[in-house]
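Residues per chain are reported as follows:
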Amino acid sequence: MGKIYKIIKICIYKAMIRHHTIKRILENIGLTPNETRVYLAVLKHGALSVQEVALKTKIHRTNVYALVEILMHKQALYYEHTGSNKKVVRAHGPEILRNMLKKQERRLKKASIKFEAVIPELKQMMKNPALYSFVECYRGVEGVQRVFLDTVNASEEVYGFA
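Basis of the calculations
Residues numbered from 1 in each chain as written. Predicted model: local features only at pLDDT ≥ 70, side-chain atom pairs only at ≥ 80, totals over all residues. Heavy atoms only, no water. Pairing = 2+ DSSP bridges. Helix = DSSP H or I, 4+ residues; strand = E, 2+ residues; numbered from the N terminus. Phe/Tyr/Trp six-rings, centres within 6.5 Å; stacked < 30°, edge-to-face > 60°. Lys NZ or Arg CZ within 6 Å of the ring centre and 35° of its normal. pLDDT = per-residue confidence, 0-100. Axes fitted to C-alpha atoms, helices over the stretch in contact; angles between N-to-C directions. Parallel < 35°, antiparallel > 145°, perpendicular 65-115°, else oblique. Contact = heavy atoms within 4.5 Å. Nonpolar A, V, L, I, M, F, W, Y, C, P; charged D, E, K, R; others polar. Salt bridge = Lys/Arg side-chain N within 4 Å of Asp/Glu carboxyl O.

### Digging into the pairing of strand E1 (residues 77-81)
Part 1 of the reasoning: The sheet contact formed by E1 and strand E2 (residues 87-91) spans five bridges and is antiparallel. The residue bridging Tyr79 from the neighbouring strand is Val89, located in E2.
Part 2 of the reasoning: Between E1 and the antiparallel strand that follows it, E2, lie five residues; Asn85 among them carries a positive phi value of about 60°.

Structure below.
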């Protein structure tokens, strides 16, 4: 009996680790922890009402409605109308999440290209920070005099000071 109990315990532990790994992967591709819980619950159990999703995920029902809407926008879930005038939530297959990941990759690639374009300017800022300063603070009478002189001698338009 002890050996069987140990084997069952190991199997449960491995399943818990695997479930945790899946959750982390889904979160890494762009789902929030609660979106992940809702998606996995619907994926595992098939068609569920929002109330059933709330019970299975232990997320308040009103929050589940919002999460379902977000996941529908991400095309991970959809509503299905049953014959009894009742709506249930169903999950699209994981291929949808792959598409989500590909969109994220494209977005990151564009951001990377834009970032590479501004690197020279960022390096220039680092070399000569005075050229890129936008706000300067002065105190006392000397500060008021300095603001006045800077305003009079400015080569560019001064938009204001306080």
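### Notes on the packing of aromatic side chains
Part 1 of the reasoning: Under the counting rule described, the total for this entry stands at zero aromatic pairs.
Part 2 of the reasoning: Sitting above the plane of the Tyr79 ring, Lys87 keeps its charged end 4.2 Å from the centroid.

### What to know about the confidence of the model for the protein
Part 1 of the reasoning: Taken residue by residue, the protein gives an average pLDDT of 84. The fraction at 70 or more is 86%.
Part 2 of the reasoning: Element-level mean pLDDT values for the protein span from 73 in helix H1 (residues 2-28) up to 95 in helix H4 (residues 61-73).

### What to know about the packing of helix H2 (residues 33-45) against H4
Two quantities define a packed helix pair, namely the angle between the helix axes and the distance between the axes.
Part 1 of the reasoning: It is at 10 Å that the axes of H2 and H4 come closest, and there the two elements cross at 85°. As far as their axial angle goes, H4 and H2 are roughly perpendicular. Contact residues: H2 offers Asn34, Glu35, Val38 and Tyr39, while H4 offers Leu67, Val68, Ile70 and Leu71.
Part 2 of the reasoning: Taken together, the residues that form the contact of H2 with H4 break down as six nonpolar, one polar and one charged.

### Considering the pattern of salt bridges
Part 1 of the reasoning: Enumeration over the complete set of coordinates arrives at two salt bridges.
Part 2 of the reasoning: Lys74 is the salt-bridge partner of Glu35, the closest N and O atoms lying 2.8 Å from each other. You can see Glu35 sitting in helix H2 and its partner Lys74 sitting in the loop between H4 and E1, a full 39 residues away along the chain.
Part 3 of the reasoning: We note a salt bridge from Arg90 to Glu80, for which the minimum N-O separation is 3.0 Å. A residue pair is termed long-range when its members are at least 10 positions apart, and Arg90 in strand E2 and Glu80 in strand E1 qualify at 10 residues.

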